[in-house]
Amino acid sequence: MDKLTKQEEAAMQAIWKAGKGFVKDFLESHADPIPPYTTLASTIKNLEKKGFVEAKKIGNVYEYAPAIAEDEYAKKFMNSFVKDYFENSYKDLVTFFAKDKKISPDDLKEIIRMIESK
């Protein structure tokens, strides 16, 4: 699976939020800064070529829908992220956040409880 650029990821967030729709619909659900219509349309076409969205022609326009679920993308992204930056070690990932005080002891205890309950 290709990694998404920041621009593509922002477009996918808008598409996932809307569920399906037209470029103008995604402009309404797009986070700031909202890109020009033509920029978003080009980005969505690129996402279609990469297999992230599906298009259906309705009259003169295309209706787009996600071809991959948000949680599926997040899982693949996180696996790739941990592999690339933490040598495939989730322990190192958690350690990184713990050292930087981005995760509290209570959060760590909750994570341990979740792991132990599985």
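How each quantity is defined
Residues numbered from 1 in each chain as written. Predicted model: local features only at pLDDT ≥ 70, side-chain atom pairs only at ≥ 80, totals over all residues. Heavy atoms only, no water. Helix = DSSP H or I, 4+ residues; strand = E, 2+ residues; numbered from the N terminus. Rg over C-alpha atoms; globule rule 2.2 N^0.38 Å. Pairing = 2+ DSSP bridges. Phe/Tyr/Trp six-rings, centres within 6.5 Å; stacked < 30°, edge-to-face > 60°. Buried < 20%, exposed > 50% of the residue type's maximum accessible area, 1.4 Å probe, protein only. Salt bridge = Lys/Arg side-chain N within 4 Å of Asp/Glu carboxyl O.

J.: Explain the overall build of the protein chain residue by residue, including any values.
T.: If you tally the helices and strands in the protein chain, you get 6 helices and 2 strands. Counting from the amino terminus, the protein chain carries its helices and strands in the arrangement α-α-α-β-β-α-α-α. Taken against the 2.2 N^0.38 rule, which gives 13 Å for 118 residues, the C-alpha radius of gyration of the protein chain at 18 Å runs more than 25% over that of a compact globule. Projected onto its principal axes, the C-alpha coordinates of the protein chain cover approximately 55 × 25 × 25 Å.

J.: If you had to explain the environment of Thr5 to someone new, which residues and values would you point to?
T.: Here Thr5 lies in the segment before α1 (6-18). It is 9.8 Å that separates the C-alpha atoms of Thr5 and Thr43, two residues lying 38 residues apart in sequence.

J.: Give a description of the environment of Asp106 that names residues and reports values.
T.: Structurally, Asp106 is set in helix α6 (residues 105-116). Distance from Asp106 to Thr38, taken between C-alpha atoms, is 47 Å for residues 68 residues apart in sequence.

J.: Residues and numbers for the pairing of strand β1 (residues 53-58), please.
T.: For β1 and strand β2 (residues 61-66), the ladder comprises 6 bridges, and the chain directions are antiparallel. Bridged to Val53 within β2 is Pro66. The antiparallel pairing of β1 with β2 creates a hairpin that spans 2 residues between the two strands, and Gly59 there sits at a positive phi of about 65 degrees.

J.: Tell me about the packing of aromatic side chains, residues and numbers included.
T.: One pass over the full model with this rule turns up 9 aromatic pairs. A ring pair is formed by Phe86 and Phe96, whose centres lie 5.5 Å apart and whose planes are at 65 degrees; its orientation type is edge-to-face. Here Phe86, found in helix α4 (residues 70-86), pairs with Phe96, found in helix α5 (residues 90-99); they are 10 residues apart in sequence, far enough to count as distant. For Phe96, a relative accessible area of 43% gives the class partly exposed.

J.: Could you give me a rundown of unusual backbone geometry, with the residues and numbers involved?
T.: Looking along the chain, the bond that leaves Asp32 and enters Pro33 is cis, with omega of 0 degrees. The phi angle at Glu87 is positive, at roughly 50 degrees, despite the residue not being glycine. For Glu87, a relative accessible area of 72% puts it in the exposed group. Although it is not a glycine, Asn88 adopts a positive phi angle of roughly 65 degrees.

J.: Give me the pattern of salt bridges: which residues, what numbers.
T.: For the structure shown, the criterion picks out 5 salt bridges. Between Lys24 and Asp25 there is a salt bridge, with the nearest N and O atoms lying 3.4 Å from each other. The salt bridge involving Lys76 is made with Glu72; its shortest N-O contact spans 3.4 Å. Of the two residues, Lys76 and Glu72 both sit in helix α4, 4 residues apart, roughly one turn of that helix. Looking at Lys76, the relative accessible area reads 40%, which means it is partly exposed.

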